[in-house]
Amino acid sequence: MAVDTPLKGALFALVVYLLTFVISIFVALIIYIMYRIIHRGKETAIRAKQSEPVKRTD
Amino acid sequence: MFNFWQIFEGIYTFFTGSLETALLRILLIGIGLLLIYLCHKQILDPLILLPMGMAMIAVNAGMLVAGVGGINSLFLEPLVSQPDKLMQILQIEFLQPIYTFMFSNGLIACLIFIGIGVITDVDYLVAKPLPSMMLAVAAELGTIIVLPIAMMWGFNIKQAAAIAMVGGADGPMVLYTSLMLAKDLFVPISVIAYIYLSLAYAGYPYLIKIMIPKKLRGIRMDPFAIPKVSRIEKLTFSVIALLVLSLLFPVAAPLFLSFFLGVAIKEMAITRFQDFIEGPLLYGCTFLLGLVLGALFSIDIIGNVAVIKLLVLGMLALLFSGIGGLLGGLLYYKISGGKVNPLVGIAGVSCVPTTAKVAQKEAFKVNKWVMLLPYAMGPNVAGVITTAIITGIYVTAIPLLK
């Protein structure tokens, strides 16, 4: 399709905006999942360390 | 017959061409002087605009007679394409090597992006990605609205997309898009983009005062309420974002690599690289950028295009993006139940870190206890990503349209 009039240009720009919106949500989702996985991994590691029995040293 | 004034070619060339050419040269010299004055008054950012203003004066005053009735300078020729002529010019015009080997291939944009990556804080973006990305999308309004307006003014879709990218407020992206889509408008668009990006620091506060009530500008946000993000999380973010965005938009992959490499260097605390990139590399490239842009602003290069139209369209693009960002900020304020300062929205206009600093400065004027910068950096960095997404779509999709 040739985009050669301002009206077609406006439609094209609108599609680009919607696509940017969808891709941005996708990128945000990836960042969120990544953050949760690493954060949860760290919390689990800290909890595991805290629950270890304390060795007597005396 | 010998003319005495021919000895002083800069003056002589004022009388060899048309009256319009002479007047335009004087106007450009005047703009150069104005830029220097505004830098001195700290109204404009001197890092780019001081060398640019100086170069504008030199290039428009230092014109020579070239060929029959033509005038030229000894700075650079951006539109030369024949290899033998280019080789000749490379040996004569002193800024030509920088233009040919750093500008026209986008290298300088990538180097500046590495520098921006090294100085960028991504904590809020990693901790709160969705609001950051949504504010950034809202602040892309100018890149969308100006495209049909530019087409209405007689530009084709490639040229319209290149000028609309000014609304993304990201210098390297504007350079890249105009190089890919509208090489004939590369020079005026890039010059206009950098002038406006520098003006954003002076102009956006007025827009903020019009759109955001004073009471809302002073809303406090606790900087310690941002969840703690470790270095490993930020490093992982930079690697994954690089991988995903490069897969989605290979055309902008050099820019993604540059930016996220900078972030990774910062988060790995490689201080030797950091010191080099955020010092000599970033400032060196910024200096050369200003110098070359100033030299490009000469009568023989920009005298033949519809610069006035581009000036208006560039201003509209940044204006709409600012309005979009602030509307996004107001919406976020409503959704959060009044906890969020709507000024963070302006930071979605991704001119890193200028717009985030504008948000902080305007909030500080109302309330001395507001610390907005850590929050504003989230949409600010997200703005780089959304601008890259739109760049990728424009550069990929538009050539496919018949």
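Above: the structure in question.
Here is what the cut-offs are and how they apply
Starting from 1, residues in each chain are numbered consecutively following that chain's sequence as written. Chain labels run from A onward and ligand labels from 1 onward, assigned in the order the entries are written. Reporting of local features is limited, given that this is a predicted model, to residues whose pLDDT is at least 70; pairs of side-chain atoms are given and counted only at 80 or more, and all residues count toward the totals for whole chains, interfaces and linings. Processing note: side-chain calculations cover all non-hydrogen atoms of the structure and skip hydrogens and water entirely. The term salt bridge refers to a pairing of a side-chain nitrogen on Lys or Arg with a carboxyl oxygen on Asp or Glu at a separation within 4 Å. Residue burial is assigned from relative accessible area. The probe radius is 1.4 Å, only protein chains are included, and a residue is buried under 20% of its type maximum, exposed over 50%, and partly exposed in between. Whether two residues touch is decided by their heavy atoms; if any such pair falls within 4.5 Å, the residues are in contact. Buried area is a sum: the accessible area each of two parts loses on coming together, probed at 1.4 Å, counted once for each and added. Here a polar contact is recorded for every N or O atom pair within 3.5 Å, except that within protein the pair must consist of a potential hydrogen donor and a potential acceptor, and residues adjacent in sequence are included only if both atoms are side-chain atoms. Only runs of H or I of at least four residues qualify as helices and only runs of E of at least two qualify as strands under DSSP, and these elements are numbered from the N terminus. Axis angles are defined between N-to-C directions and span 0 to 180 degrees, where every axis is a line fitted to C-alpha atoms and, for a helix, only to the segment in contact. Orientation categories follow fixed angle ranges, with anything under 35 degrees roughly parallel, anything over 145 roughly antiparallel, 65 to 115 roughly perpendicular, and all other angles oblique. In this scheme the crossing of two helices becomes right-handed for a clockwise turn of the near helix relative to the far one and left-handed for an anticlockwise turn of less than a right angle. Take the buried Ala, Val, Leu, Ile, Met, Phe, Trp, Tyr and Cys residues and link them wherever side-chain atoms come within 4.5 Å; each set so joined is a nonpolar core. Side-chain rings of Phe, Tyr and Trp, where Trp is taken by its six-membered ring, are said to pair if the distance between their centres is within 6.5 Å; with planes under 30 degrees apart they count as stacked, over 60 as edge-to-face, and otherwise as tilted.

(A) Highlighting the pattern of salt bridges. Residues and elements named next belong to chain B. Going through the model one piece at a time under the given rule, you end up with seven salt bridges over all chains. A salt bridge links E77 to K85; the shortest N-O distance between them is 4.0 Å. With a relative accessible area of 18%, E77 lands in the buried category. Judged by its relative accessible area of 37%, K85 falls in the partly exposed class.

(B) Examining the interface of chain B and chain A more closely. Tallying the contact residues gives 40 residues for chain B and 30 residues for chain A. At the boundary of chain B with chain A, total buried surface from both sides reaches about 2,800 Å², with 83% on carbon and sulfur atoms. Along the contact surface separating chain B from chain A lie zero salt bridges. Summed over the shared surface of chain B and chain A, the result is two residue pairs in polar contact (both at pLDDT 80 or more). Contributing elements (two or more residues each) for the side of chain B that touches chain A: α7 (123-127), α8 (129-138), α9 (141-152), α14 (231-248) and α20 (373-397) of chain B. It is α14 of chain B that contributes the most residues to the side of chain B that touches chain A, eight residues altogether.

(C) Looking closely at the packing of helix α1 (residues 6-51) of chain A against α8 of chain B. At a minimum axis distance of 9 Å, the contact between α1 of chain A and α8 of chain B shows a crossing angle of 160°. With respect to each other, α1 of chain A and α8 of chain B are oriented roughly antiparallel. Here α1 of chain A runs over α8 of chain B; the crossing is right-handed. Packed against α1 of chain A, whose contacting residues are Y17, T20, F21, S24, I25, V27, A28, I31 and Y32 of chain A, the element α8 of chain B presents P129, L130, M133, M134, V137 and A138 of chain B at the interface.

(D) Layout of the nonpolar core. The biggest cluster of nonpolar side chains holds 150 residues, and the ones touching the most others in it are F103, L147, F237, L289, I385 and Y394 of chain B. Counting residues per element, this core draws most heavily on helix α12 (residues 186-211) of chain B, which supplies 13 residues. Setting aside residues up to four positions removed in sequence, L147 of chain B forms contacts with G9, F12 and A13 of chain A together with I157, A160, A161, A164 and Y394 of chain B.

(E) Representation of the packing of aromatic side chains within the structure. Residues and elements named next belong to chain B. The full count for this structure, using the stated rule, is nine aromatic pairs over all chains. Plain terms: the ring middles of Y99 and F103 are 5.8 Å apart, the flat faces sit at 25° to each other, and that makes the pair stacked. Highlighted residues: Y99 and F103, both in helix α5 (residues 96-103), separated by four residues, approximately one helical turn. Classification of Y99 as buried rests on a relative accessible area of 6%.

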